[in-house]
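The chain contents come next:
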Amino acid sequence: MAARTGFIYKDALNEPWGQQICDRVTALNLPVEELSGNRLSGLRGETEQETYKIAKRTLAVVIAPPSQFRLSPIPPSADWQFHLAQGCPAHCQYCYLAGSLQGPPVIRAYANLPEILDNLAKYESSHQDTTFEVSCYTDPLGIEHLTGSLAECIRYFGQRDRAQLRWVSKFAAVESLLELPHNGHTRCRASVNINLIAKTLEGGTAPVKDRLQALRRLALPRPEGGGYPVGLVIAPIMAIADWREQYEGLFAEIETVFDFECDLTFELISHRFTPKSKDVLQGWYPNSKLDWSEENRSVKRNKFGGIKYVYESDTMKQLRQFFEGEIARRFRRSRLLYWT
Ligand code: SF4
């Protein structure tokens, strides 16, 4: 548990869900300070790295701003994304959030979750299932002991007819989710990688073997109903020197853990970075062993002119062929949702 200091903004004090979060946090013997306004200050350390570390250990209970009620699509993962929080207590040295969050990465948990959930119905299609991703700006399981918000989302989606929830995590504390009435409307996913990457680049997360066991528990049928649909997000896939052997080992481990019939999907994401995320992450982790070189990369442009660095096409082809082959060979009943 990485959050050490809690604050609640003045506006969030009147929200029952915000109060519920504060009660959980204080029950864990963590102090929650009630702020007289809606701003958090005084978190600056002497250096940028110190500020970053303080922010990562700080939880603020806030009201989600109006912009959070206008949802954006999030292909290829889901039709729409929504957020129960922003920020995450882990320290992944490639974190995709680094280039998107403004200012120090304080964890901001939303006190007006019921309103956020009510808003989703507007985005549901009446004639086909609509998927909603809730892990774009946080690791929802990583803060679940503090918020309870992921469980609330699962309960909400359990009651919808044509809406599906998707979440992904690098944590493993799933006990509180096992008995929820999910009705098969939530796909739980674990983000996994080879141990070499998880151990050196994913500080503060659960070991990969624990993430896999947690996902297994979620997928197993329970006396009161079926297990959850589950998925594995293998990310970021890195073309390190002996990547074939390393990832073969990961697939063998997955095969051992999922030795029973279940609804299992795969999503494959190769390592990429933007100039901004590289800059921010190199500031946060100056001693990182991550390969930030741009020479062996291709530049990909989006429609707004932004660029990102991805592996050059030969490496991409080899990686893709290998991963698709392993999944087809070992997991005949599973679906590969996308490679990117
Ligand atoms: S768990 Fe996800 S959100 Fe959290 S630091 Fe790692 S990559 Fe970023």
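Residues numbered from 1 in each chain as written. Predicted model: local features only at pLDDT ≥ 70, side-chain atom pairs only at ≥ 80, totals over all residues. Heavy atoms only, no water.

Student: Before we move on, could you go through the overall build of the chain and cite the residues and values that matter?
Tutor: Within the chain, the secondary structure is distributed over ten helices and 17 strands. In terms of overall dimensions, the chain is globule-like: its C-alpha atoms have a radius of gyration of 20 Å, near the 20 Å expected for 340 residues. Across its three principal axes, the chain shows a C-alpha extent of roughly 55 × 50 × 40 Å. Split into buried and exposed, the 340 residues of the chain put 51% on the buried side. Taking contacts inside the chain between residues at least 6 apart in sequence as the whole, the part at least 24 apart equals 77%. Accessible surface computed for the chain: about 16,100 Å², of which carbon and sulfur atoms make up 48%. (Helix = DSSP H or I, 4+ residues; strand = E, 2+ residues; numbered from the N terminus. Rg over C-alpha atoms; globule rule 2.2 N^0.38 Å. Buried < 20%, exposed > 50% of the residue type's maximum accessible area, 1.4 Å probe, protein only. Contact = heavy atoms within 4.5 Å. Areas by Shrake-Rupley, 256 points an atom, 1.4 Å probe, with all protein chains shown as cover.)

Student: I'd like a rundown of the side chain of S334, residues and numbers included.
Tutor: Its place among the elements puts S334 in the loop between α10 (313–330) and β17 (335–339). The exposure class assigned to S334 is buried, which follows from its relative accessible area of 17%. One polar contact links the side chain of S334 to the main-chain carbonyl oxygen of L264, over a distance of 3.4 Å. Beyond its immediate chain neighbours, meaning those up to four positions away, S334 contacts L264 and F266. (Polar contact = N/O pair within 3.5 Å; in protein donor to acceptor, adjacent residues only side chain to side chain.)

Student: Lay out the sheet that holds strand β10 (residues 163–169) in plain terms, naming residues and giving numbers.
Tutor: Reading across the sheet, the eight strands line up as β4-β5-β9-β10-β11-β13-β14-β17 and stay open at both edges, with mixed pairing between neighbours. For this open sheet the edge positions go to β4 (72–74) and β17, each flanked by a neighbour on one side alone. For this sheet, the mean inter-axis angle between neighbouring strands, taken without regard to orientation, is 30 degrees. Bridge count for strand β13 (residues 230–237) against strand β14 (residues 264–270) is six bridges, and the pairing is parallel. Its bridge partner being in β14, I237 is matched across the sheet by S270. (Pairing = 2+ DSSP bridges. Axes fitted to C-alpha atoms, helices over the stretch in contact; angles between N-to-C directions.)

Student: Describe the site of the ligand, with residues and values.
Tutor: If you check the shell around the ligand, you find K56, C88, A90, C92, C95, L97, D139 and K170 and nothing else. More than half of the atoms of the ligand fall within 2 Å of the grid points belonging to the largest pocket. Among the residues forming the shell around the ligand, the class breakdown is five nonpolar, no polar and three charged. (Near = heavy atom within 4 Å. 1 Å grid on protein atoms, 1.4 Å probe; cavity = no way out; pocket = protein on both sides within 12 Å on 5 of 7 lines; lining within 4 Å. Sits in = over half its atoms within 2 Å of the grid points. Nonpolar A, V, L, I, M, F, W, Y, C, P; charged D, E, K, R; others polar.)

Student: Could you give an account of the layout of surface pockets, naming the residues involved and the relevant values?
Tutor: It is the rolling of a water-molecule-sized probe over the atoms that shows where space remains empty. Considered as a void within the structure, the largest pocket measures approximately 1,700 Å³ in volume. Lining the largest pocket are 49 residues, with I74, Y96, S100, C136 and R272 sitting closest to its centre. (Points joined across faces, edges and corners; volume = space filled by probe spheres on them.)

Student: A description of the nonpolar core should follow, citing residues and the corresponding values.
Tutor: F82, I234 and Y247 are the most contacted members of the largest nonpolar core, which has 107 residues in total. Those residues within four positions of I234 in sequence are excluded, and the remaining contacts are V192, Y247, L250, F251, I254, F266, E267, L268, I269 and F323. (Core = buried A, V, L, I, M, F, W, Y, C linked by side-chain atoms within 4.5 Å.)

Student: Could you give an account of the sheet that holds strand β1 (residues 5–8), with specific residues and numbers?
Tutor: One open sheet holds the five strands; their spatial order is β2-β1-β3-β8-β6, and the pairing between them is mixed. Only two strands of the sheet have a single partner each, and these edge strands are β2 (32–34) and β6 (85–86). Against the sheet, helix α1 (residues 16–27) touches β1, β2, β3 (58–62) and β8 (107–110), its axis set at about 155 degrees to β3.

Student: Break down the pairing of β1 for me, with residues and values.
Tutor: Pairing analysis gives four bridges linking β1 to β3, with the strands arranged parallel. Its bridge partner lying in β3, I8 is registered against V61. Alignment of β1 against β2, held across three bridges, turns out to be parallel. The partner of G6 across the bridge, within β2, is V32. You can see the chain leave β1, run along α1 and come back into β2, and the turn it takes is right-handed. (Right-handed = clockwise from strand over helix to strand, strands pointing away.)

Student: I'd like to hear about the pairing of strand β5 (residues 78–81), residue by residue, with values.
Tutor: Where β4 and β5 come together, two bridges link them in antiparallel fashion. Residue pairing across strands places S72 opposite Q81, the latter belonging to β5. Where β4 folds back on β5, the antiparallel hairpin that results is connected by three residues. As paired elements, β5 and strand β9 (residues 130–133) share two bridges and run parallel to each other. Bridge pairing in β9 links Q81 to E133.

Student: Got a sec to walk through the packing of helix α8 (residues 243–257) against α10? Specific residues and values, please.
Tutor: Running from amino to carboxyl end, α8 crosses α10 at an angle of 25 degrees, the nearest separation of the two axes being 11 Å. Of the possible angle classes, the one that applies to α8 and α10 is roughly parallel. Considering how the two elements wind past one another, α8 and α10 form a crossing that is right-handed. Residue-level inspection shows W243, R244, Y247, E248, F251, A252 and E255 of α8 in contact with α10, the latter providing Q318, L319, F322, F323, E326, I327 and R330. (Parallel < 35°, antiparallel > 145°, perpendicular 65-115°, else oblique. Left-handed = near helix turned anticlockwise from the far one by under 90°.)

Student: Quick rundown of helix α7 (residues 208–219)? Include the residues and the values.
Tutor: The terminal C-alpha atoms of α7, which comprises twelve residues, lie 17 Å apart, in line with the 16 Å expected from a rise of 1.5 Å per residue. Against the buried residues of α7 lie β10, β11 (186–192), α6 (195–201), β12 (202–203), β13 and α8. (Expected span 1.5 Å × (residues − 1).)

The values are spatial; any link to function lies outside them.
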